[in-house]
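# Fold and geometry: a report
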Amino acid sequence: MTSARMLRGTLALVVTMTLAACGGGGGGGDGGSSPPPNPPAPNPPATQRTIGGSITGLNGSGLVLQNNAGDNLAVTTNGSFTFANSIAEGSAYSVSVLNQPSTPEQTCVVSNGGGTVGGANVTTVAIACSTDTFTVSANVTGLTGVGLFVTNGRDRVRFNTNGSTTFDTRVASGSRYNVLIDTEPTEPAQRCTVANGNGLITDANVTVEVACRDTAPTFAYALNQGDGTLASYAIEAGSGQLHPRFVAKTGATPAQVVTYRPANGNQFSYVSNQDTDNVSGFELDPRSGVLTEISGSPFASGGDRPATLTLHPTRPFLYALNEDGASIAAYPVSADTGVLTPLGPVTTGAAPRAFAIDASGRFAYVAASGSSELYTYAIDQTTGALSEVSNSRVSIGTSFGGLTLDRDGHFAYSFDPAGGSIRVFALDVNTGAPTQINGSPFAAGSNVALLAVHPNGRLLFTRRGTPAQDTANGIGVFAIDVTTGALSEIAGSPFDVDANPIAAKFDSRGRNLYVGHVLTGGTPEYSVRAYSVSPFTSALTPFTHGPFEASAAPVSLDVDASERFLYVANDQSNQVTAYKIDIGDGTLTRLETSPNNTGFKPVAIATAEDRTPVTLSSKFVYTTDPAGSIRSFTIAEDGTLNPGATPSIGATAPLGITLDPRGRFAYVADPGANAIRIYAVGSTGALTATADGPVNTGGNPQYVAIEPSGRFAYVSIPSTSTIVRYTIDAATGNLTSPAPKTVTGDVQDLAITPNGKWLIATPAGGTAVRSYPIVASTGALGTEVSLDIGNPISSLAFDASGRFAYITSPAADPADAELFQYEINSQTGALTQLGSTSYGGIGVPTGVAVDPKGMFVFTADSSGDSVSVFSITGSGTLAYRNSTPAGTNPIAITTDYTGDFVRVTTSSGELITFHLDREFRTLTPIDTETGVGAIAEPATIVTSSHAE
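As the structure is a computational prediction, the values presented were derived from the model and not from experiment.

## Details of the overall build of the chain
The helix and strand tally for the chain stands at one helix and 88 strands. For 948 residues, the compact-globule estimate of 2.2 N^0.38 gives 30 Å, and the chain exceeds it by more than 25% at 42 Å. Across the 948 residues that make up the chain, the buried fraction comes to 54%. Nonlocal contacts in the chain, meaning residues at least 24 apart in sequence, comprise 51% of its contacts between residues at least 6 apart. With 49 positive and 78 negative side-chain charges, the chain shows a separation of 8 Å between the mean positions of the two kinds.

Right under this line is the structure:
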């Protein structure tokens, strides 16, 4: 029952609901219907949410993000970001990188970049950017030696063969690479150069080209501050001996010389002249050593006392620091002509003392001791112009002891002697501005000053001592942290505390360090000291056999390309000293023929190199016959002579003959015509009279002397008791602008010291030797210095160094004939007798010649019909060795440029050639030419000199 009732109730309910759904029941009509229901409410709009997140590591520019392949968002900085368009809850989002950043190249990676939007803004998208890295490789060609090491930052790679090697450390885009030669190869010695070794990594791997070539020492150049000269010396292959070549005139008080070698093979040297406020420029002939002044030289510096010269590392720009002018002169350099174009001086701080350019070549730094500040300049890469970087000046301490940059251009080091410290500055890669690093300044000992930077760029060597050079405190060694720039003094530093180094030079591998040592307190002490540098600890160990004797005072040093010889400029003794380096233990042995005298107060010495050694030779011999002829001969390889063409000069009486320093023109004194005849020297040695000759002298010329720069000629005219100075036209050889100087008594033979500073005149048969200083700028002769030797004078010759003079003196009685030896005072020109050698039964000495290597003196002994050989001692005195028959009545004598052959002319018309045996000190005749004329004067034979 209960169930049936319940079922019926349920059915009734269903019926009722159905009817209601149909609009009602019963009869039709409105009155009986229900009102319509309300429409359903619309769904509420979806909530909108933003999409964003954060970015880290962004350094480049141009990053663009996308959401859902649209809604682009450009981002420039790290931090949070939000897309402009929001999306509804429940919708999908997908963040991606549309454009990766560049400058530097970077890769940005998206994390949490996709999903469905929930009930809050999305802030969890993470963009992590990292700078792309690329490889740097070095490709070596031309390598035949061993031991080549190449570096890039911390990486160091050894090359045993040609080929390419990649450095271990990849370099980030936007960072700089700086590939350098760390150690040059040896066995054979080679020089390797890096092309485009410094630059900015962009979006590709880099391969740097390293080209190696064999090298040999060719020339040495000495800059002489006291007399304003630049002297060149040919380096004899094998022995390292210096052979004087040319002397060029600079401005007053030259301070520094630099050499520019553009890719076209030209070579130009520039000299800063402090007291004439300009820069001299010279073109260098790399095979002959000729120094030719550049058109327009000297070039104005626009300031006072230009001292420091700096060449841009990669571009043709030269900079001169005007120490008293508080300015920098900038010059673009012509690679074709060497001409400097002044841009006008740029003002810097007071008393600028150092100028340095970073490895990139984009920034320059000046240490101004007057304002105690470091100045930073941006370098225009097109013009070379300098512009100071804003707000970049920093203090460098109260005194100045040097400035240097690290090899990669990341850090600057400034030395403060008064503070006994070294300040270190990090250099901003974009602006160049310096910022002092943590821990700076670093303690470095009293009166610290920069001495040298190791070739590996990771060690600084310092001098400790007082500026007065009267105390010694040794050599400090500091290691550079190449990442932070911080300095740490190595164990055992300072080394050799008895040393007071004033100049230093490493060999190319940094294995040996050579320093000039000077102590002036009490008894002056001068030496060259040598040290080995430990490759493991960087400690210095003095060589067992040192210190090594040095002249006063060793102020500049250079190791030649073969690393077998060390050359030292001695500014107080006015000499250049050469030492042989023992390749086993580094011991120094002074060459037998060293030192060489140079100009007054040499302050710098530098050596040059080329693929092959320079060949020294004599090619031509010329003699004059007062009866009216000139004879020419070419020299065969064995020293024998071949007669050449003889110019026709007419019925006159040629006497003395001289070649200009470059061997392009011959000058013949012709007293019979009261003229100087000028001849161009052809490639075969043939003489051709020039259009400008002969030059009338108004008297009876006897001899022509040409000073070593080739700018001025001097003619002796005994009939008027004058010496006439002429200016030489470099192009035509013509003699112009005669300027006579009246001298005391008779004058016949003339000789000029190898440094071009003194002209020495001797009379015909008189007893007085007269010296005249040569004014460097004009060639004018100064006040006479006279010495009466008390004996008649026949001839005079200098040794190659110009330190010693040798005078032959015949006498009425042959037993009284003598050969005098004198030392020349390089500052006063005065002669101091060292000794004399009596000829006794040898004969009467007429002509005299000196071995170019400085080992022997040779005399032509007229009445003895012989030629005599003397050895030169270290003090310049002579020791008789032997005499050899030399025809009948030998008069004139000369040697060739190598010193292997001696030639003598006789009054019977013979020209005899002898070969010199250096070991046994003897002469052997190898050739006799006849018919050269009845020569009666010593100054009638000349031999050319060539280096090529």
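## Observations regarding the packing of aromatic side chains
Counted according to the given criterion, the structure contains nine aromatic pairs. For the ring pair Y375 and Y377, a centre distance of 6.5 Å and an interplane angle of 15 degrees mean the geometry is stacked. For the pair shown, Y375 and Y377 are each scored as buried. With centroids separated by 5.1 Å and ring planes inclined at 70 degrees, the aromatic side chains of F461 and F506 adopt a geometry described as edge-to-face. Placement of F461 in strand β44 (residues 459-463) and of F506 in strand β47 (residues 501-506) is noted, with a sequence separation of 45 residues between them. Looking at F461, the relative accessible area reads 0%, which means it is buried. On the accessibility criterion, F506 (9% relative accessible area) is buried. Over the aromatic face of F149 sits the side chain of R156, whose NZ or CZ is 3.8 Å from the ring centroid.

## Topic: the pattern of salt bridges
Under the criterion given, the structure shown has 25 salt bridges. Among the ionic pairs, R191 bridges to E609, the shortest N-O distance being 3.2 Å. Taken together, the residues span a long stretch of sequence, with R191 in strand β18 (residues 190-195) and E609 in strand β57 (residues 602-610) at a distance of 418 residues. With relative accessibility at 17%, the residue R191 sits in the buried group.

## Observations regarding the confidence of the model for the chain
Per-residue confidence for the chain gives a mean pLDDT of 88, with 94% of residues at or over 70. Within the model, the stretch residues 1-31 combines pLDDT values under 50 with one contact to residues more than four positions away or in other chains.

## Structural notes on the environment of E549
Tracing the chain through its elements places E549 in strand β51 (residues 548-549). Here E549 falls in the exposed class, since its relative accessible area comes to 57%. Separated by 24 residues in sequence, E549 and E525 place their C-alpha atoms 9.6 Å apart. Beyond its immediate chain neighbours, meaning those up to four positions away, E549 contacts Y579 and R590.

## Thoughts on the nonpolar core
L148, V150 and F159 are the most contacted members of the largest nonpolar core, which has 20 residues in total. Contributing elements (two or more residues each) for this core: β12 (136-141), β13 (148-152), β14 (155-159), β17 (176-183) and β20 (206-214). In terms of residue count, the dominant contributor to this core is β20 (four residues). Judged by nonpolar contacts, the second largest core, of 18 residues, contains I55, L65, V95 and V122.

## Side note on the pairing of strand β45 (residues 475-480)
With five of its six residues buried, β45 lies for the most part within the structure. Across five bridges, the pairing between β44 and β45 is antiparallel. The partner of R463 across the bridge, within β45, is I475. Where β45 hands over to strand β46 (residues 487-489), the hairpin turn is made up of six residues, of which G485 adopts a positive phi near 85 degrees.

## Let's talk about the state of the cysteines
Here the structure, examined in full by the defined rule, presents two disulfides. Bridging C108 to C129, the disulfide has an S-S length of 2.0 Å. Judged by the sign of its S-S torsion, about 110 degrees, the cystine formed by C108 and C129 is right-handed. With C108 in strand β8 (residues 106-111) and C129 in strand β10 (residues 122-131), this pair connects stretches of sequence that are 21 residues apart.

## A look at the side chain of T722
Relative to the helices and strands, T722 is located in strand β69 (residues 722-728). Overall, the relative accessible area of 9% leaves T722 in the buried class. At a separation of 2.7 Å, a polar atom in the side chain of T722 contacts the side chain of T720. When neighbours within four sequence positions are excluded, T722 is seen to be in contact with V715, S716, I717, P740, K741, T742, V743 and V747.

## Quick notes on unusual backbone geometry
Glycine aside, a negative phi is what most residues show, and trans is what most peptide bonds show. For the peptide bond that leads from T103 to P104, omega is 5 degrees, which places it in the cis range. Omega for the peptide link from G546 to P547 comes to -10 degrees, which places this bond in the cis form. Note that P547 resides in the loop between β50 (540-542) and β51. Positioned with a positive phi, N196 is a non-glycine residue whose angle comes to about 55 degrees. Inspection of the secondary structure assignment puts N196 in the loop between β18 and β19 (198-200). Not every positive phi belongs to a glycine, and R921 is a case in point at roughly 60 degrees. Secondary-structure assignment places R921 in the loop between β85 (910-917) and β86 (922-930). On the basis of relative accessible area, R921 is assigned to the partly exposed category, the value being 32%.

## Looking at the sheet that holds β10
Taken together, the four strands give an open sheet; going across it, the order is β5-β2-β10-β8, and neighbouring strands pair in mixed fashion. Two strands in the sheet have a free side with no partner beyond their single neighbour: β5 (79-82) and β8. On average, each strand axis in the sheet is tilted by 25 degrees relative to the strand beside it, whichever way the strands run. Of the strand pairs in this sheet, strand β2 (residues 51-56) and β5 are connected by four bridges, and their pairing is antiparallel. For S54, the partnering residue across the bridge sits in β5 and is S80.

## Focus: the sheet that holds strand β32 (residues 346-347)
Spatially, four strands are ordered β29-β30-β31-β32 in an open sheet, and the strand pairing comes out antiparallel. Looking at the sheet topology across the chains shown, the edges are occupied by β29 (306-311) and β32. Taken together, the two bridges between strand β31 (residues 327-332) and β32 define a ladder with antiparallel strand orientation. When the bridges of β32 are listed, I328 appears paired with V346.

## Regarding the side chain of E184
With respect to the element layout, E184 can be found in the loop between β17 and β18. Of the side chains bearing the opposite charge, R191 lies closest to the buried E184, which forms no salt bridge; the N-O distance is 4.3 Å. At 3.0 Å, the side chain of E184 and the backbone nitrogen of C192 are in polar contact. Here E184 is in contact with V146, G147, Q190, R191, C192, S508 and R509, once residues within four sequence places are set aside.

## Things to note about the environment of V528
One can find V528 in strand β49 (residues 525-533). On the basis of relative accessibility, which here comes to 0%, the residue V528 falls in the buried class. With 24 residues separating them in the primary sequence, V528 and A504 have C-alpha atoms 9.5 Å apart. Sequence-distant contacts of V528, defined by excluding residues within four places in its chain, comprise V515, P547, F548, A550, P554, L557, L566, V568, Y579 and L588.

## What about the environment of L460?
Within the secondary structure, L460 sits in strand β44. It is 57 Å that separates the C-alpha atoms of L460 and A686, two residues lying 226 residues apart in sequence.

The rules behind these values
- Residues numbered from 1 in each chain as written.
- Predicted model: local features only at pLDDT ≥ 70, side-chain atom pairs only at ≥ 80, totals over all residues.
- Heavy atoms only, no water.
- Helix = DSSP H or I, 4+ residues; strand = E, 2+ residues; numbered from the N terminus.
- Rg over C-alpha atoms; globule rule 2.2 N^0.38 Å.
- Buried < 20%, exposed > 50% of the residue type's maximum accessible area, 1.4 Å probe, protein only.
- Contact = heavy atoms within 4.5 Å.
- Lys, Arg positive; Asp, Glu negative; His and termini not counted.
- Charge placed at Lys NZ, Arg CZ, Asp CG, Glu CD.
- Phe/Tyr/Trp six-rings, centres within 6.5 Å; stacked < 30°, edge-to-face > 60°.
- Lys NZ or Arg CZ within 6 Å of the ring centre and 35° of its normal.
- Salt bridge = Lys/Arg side-chain N within 4 Å of Asp/Glu carboxyl O.
- pLDDT = per-residue confidence, 0-100.
- Core = buried A, V, L, I, M, F, W, Y, C linked by side-chain atoms within 4.5 Å.
- Pairing = 2+ DSSP bridges.
- Disulfide = S-S within 2.5 Å.
- Polar contact = N/O pair within 3.5 Å; in protein donor to acceptor, adjacent residues only side chain to side chain.
- Axes fitted to C-alpha atoms, helices over the stretch in contact; angles between N-to-C directions.

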